[in-house]
Amino acid sequence: RTTFRWIWRLTYLSVLGTLGYTAYVIYDDRNPGEQSVPDPSKKTLVILGTGWGSVALLKNLNTENYNVVVVSPRNYFLFTPLLPSCTTGLIEHRSIMEPVRAILRHKKGAANYYEAEATHVDTERKVITVVDNSEIKGPATPNEIPYDMLVVGVGAENATFGIPGVREHSCFLKEIGDAQRIRKKIMDCVETAALRGQSEEEMNRLMHMVVVGGGPTGVEFAGELQDFFEEDIKKLVPGISPRFKVTLIEALPNVLPSFSKQLIDYTENTLREEKIDIMTKTMVKNVTENTVEAEISKPDGTKERVQIPYGLLVWATGNAVRPIVKDMMSRIPAQKDSRRGLAVNEYLVVQGARDVWAVGDCAVAGYAPTAQVASQEGSFLARLFNNMAKTESLEGRIHDLSSKMNLKAGNAADDAREIELLEKQLRRIKDVKPFRYSHQGSLAYIGSEKAVADVSWWNGNLATGGSLTYLFWRSAYLSMCFSTRNRVLVILDWLKSKAFGRDISRE
Ligand code: FAD
Ligand code: NAI
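Rules used throughout
- Residues numbered from 1 in each chain as written.
- Chains lettered and ligands numbered in written order.
- Predicted model: local features only at pLDDT ≥ 70, side-chain atom pairs only at ≥ 80, totals over all residues.
- Heavy atoms only, no water.
- Near = heavy atom within 4 Å.
- Polar contact = N/O pair within 3.5 Å; in protein donor to acceptor, adjacent residues only side chain to side chain.
- Areas by Shrake-Rupley, 256 points an atom, 1.4 Å probe, with all protein chains shown as cover.
- Helix = DSSP H or I, 4+ residues; strand = E, 2+ residues; numbered from the N terminus.
- Patch = residues over 30% accessible without salt bridge, like charges linked within 9 Å, V, L, I, M, F, W, Y side chains within 5 Å.
- Salt bridge = Lys/Arg side-chain N within 4 Å of Asp/Glu carboxyl O.
- Buried < 20%, exposed > 50% of the residue type's maximum accessible area, 1.4 Å probe, protein only.
- Nonpolar A, V, L, I, M, F, W, Y, C, P; charged D, E, K, R; others polar.
- Contact = heavy atoms within 4.5 Å.
- Core = buried A, V, L, I, M, F, W, Y, C linked by side-chain atoms within 4.5 Å.
- Right-handed = clockwise from strand over helix to strand, strands pointing away.
- Pairing = 2+ DSSP bridges.

Draft legend 1. Expanded view of the site of ligand 1. Neighbouring ligand 1 are 29 residues, the closest being Gly53, Thr80, Ala118, Asp361 and Tyr477. The separation between an oxygen atom of ligand 1 and a polar main-chain atom of Pro369 is 3.1 Å. Gln372 places a polar main-chain atom, nitrogen or oxygen, 3.3 Å from an oxygen atom of ligand 1. About the coverage of ligand 1: the protein hides 90% of its 990 Å² of free accessible area. Residue assignment for the shell around ligand 1 shows that the elements contributing at least two residues are helix H2 (52–60), strand E2 (67–72), strand E6 (117–122) and helix H11 (371–406).

Here it is as structure tokens:
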């Protein structure tokens, strides 16, 4: 009985503690402290983009040390790992967005944000050209912004490999707008298939959802889509349900090629159990309004061309270089051999450019284009810049003390001691180790409340898949959400969908 009472008390206290802490965080979020205004006399640090790399930099940067200017056409940070869940309405899109102004408002030193797209970087004159591509245009567009230091964190765009029809007829899955488009289109296909008078052939086409690309984006989306069908569409629109089919097309022999063999097998078996059709060794060559033309490599080495009718086509074949990055690469001679983005050194300095750094998917540092890499790179740059600012201030102080000693003003012994101490500090600060990526593991959702995980465990690797891994996947991504607000909204969305089902209205 006593043990039970103690357990009860401890549970009560921890619930109370969690509630108290959450209330404090929410209060703090709503009432940020005073900020010092941007100081134009300090070095101007321009940061392009509000994605994983740039936001990790902003989060860890002491903005009081620089005159910080953030430029991005997207005035929010997007938590991409949960984006596939937005395509079916499991999670509402605003739950995984964090306004950049809210992020900046919580910094000690205020920073400027401009909603614009950078179109050109002049590394000689140290200016960037920006245009306002939003509906309401600013007074001066294009506009030039000078910088002393520049961080390029513009990410990547969707790869199409020049395949005809992809841009015109398929949906990508990279931004919030893409997820909204997919959500609308799924229900448009369902409702149109359910219309009286449709031919069998047309109904089958409309209910065929094709995903091209068996990387993590394609697999996660296919899993979410099949869940949507099993948990909601089937119940609400039973008439068309036998026709619903998801097909995942991958050019390589397996899906999730970056995962271990054991998890690839587990994923493929699970997807097949979920009734997702997997077409591997199949390369899409052409896309028209209603069909995908693909080439299948057969075991005997021959190739077969097939036409696959579709209602919804989601294109997830990885990354391509953004125009602004291409432009920089073409103008900087040291970048002429780089293909997949801006080649950077071990301090993320863009090779061949002065005072320019790059992070995330637009930088080629020898790592995979993932959020994990981008955010570690961003945090590294914040440490580097914080150190650079400290170094400058220490060097200034040492210079002042040395001048004082030369003029024989003040206590020379004290000054000499202080200089010695400052020089020691300076050596420690200046000794910044190069960037090293620390891989924490890979996680992917594969549908029917199962996930796969390749995680670092002690000194080895742990490959696991199933329902427990799914709980781990959920808690890992929940803990990684940007803010408490995001975390609370995502939990509420999950609970809401569990209790009432996804909202299938097509708005
Ligand atoms: P992004 O996050 O793409 O941000 C780029 C920023 O630059 C955006 O704000 C954009 O608006 C801005 N921008 C673009 N052009 C310009 C311009 N001309 N001027 C100024 N700003 C510009 N990775 C993982 O590690 N784990 C996951 O679970 C995971 N899930 C994913 C799920 C999906 C659906 C997708 C698409 C990706 C996922 N990734 C995941 C990959 C991860 O999202 C990317 O690697 C990461 O976003 C890269 O960060 P970034 O900062 O380089 O670019
Ligand atoms: P990806 O590059 O990982 O995979 C794209 C796939 O499309 C490849 O397997 C490729 O063989 C295939 N493909 C290319 N052209 C094709 C064609 N014409 N026909 C058929 N198949 C074709 O791209 P993805 O999934 O968009 O991921 C991009 C990056 O984001 C990766 O680094 C990935 O690791 C990361 N990411 C990580 C996630 C996670 O950890 N859960 C989730 C989503 C993305």
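Let us keep going from here.
Draft legend 2. Fine view of a nonpolar patch on the surface. Where nonpolar side chains cluster on the molecular surface, the patch consists of Phe4, Trp8, Tyr12, Leu13 and Leu16 and spans about 610 Å² of accessible area. Relative to the helices and strands, Leu16 is located in helix H1 (residues 2–30). Among the residues examined, Leu16 registers a relative accessible area of 45% and is labelled partly exposed.

Draft legend 3. Structural context of the site of ligand 2. Taken together, 24 residues form the shell around ligand 2, and within it Thr217, Glu250, Val284, Pro369 and Leu443 come nearest. The backbone of Pro216 places a nitrogen or oxygen atom 3.3 Å from an oxygen atom of ligand 2. One of the backbone nitrogen or oxygen atoms of Ala251 is found 3.1 Å away from a nitrogen atom of ligand 2. For ligand 2, whose accessible area on its own is 840 Å², the fraction buried by protein is 77%. The set of elements that each furnish at least two residues to the shell around ligand 2 consists of helix H8 (216–236) and strand E14 (282–287). Per-class residue counts for the shell around ligand 2 are 14 nonpolar, eight polar and two charged.

Draft legend 4. The arrangement of the side chain of Asn386 in detail. Position of Asn386 relative to the elements: it lies in helix H11. The class of Asn386 is buried, set by a relative accessible area of 16%. A polar contact of 3.0 Å, which involves the side chain of Asn386, links it to the backbone oxygen of Asn60. In contact with Asn386, not counting residues within four places along its chain, are Asn60, Leu61, Asn62 and Asn65.

Draft legend 5. Region of interest: the nonpolar core. In this structure, Leu82, Ile96, Ile233 and Leu312 are the most contacted members of the largest nonpolar core, which totals 69 residues. Discounting residues that sit within four places of it in the chain, Leu82 has contacts with Ile91, Ile96, Trp473, Tyr477, Cys481, Val490 and Trp494. Core analysis: the next-biggest nonpolar cluster, separate from the first, contains 55 residues, Leu58, Tyr66, Met329 and Val432 among them.

Draft legend 6. Structural detail: the pairing of strand E11 (residues 208–212). Across the five residues of E11, five count as buried, placing the element largely inside the fold. Side chains His208, Val210 and Val212 of E11 all project onto a buried face; the interleaved residues Met209 and Val211 project onto the opposite face, where all are buried too. Taken together, E11, H8 and strand E12 (residues 245–249) form a β-α-β motif whose crossover is right-handed. As paired elements, E11 and strand E17 (residues 312–315) share four bridges and run parallel to each other. If you follow Val212 over to E17, its bridge partner there is Trp315.

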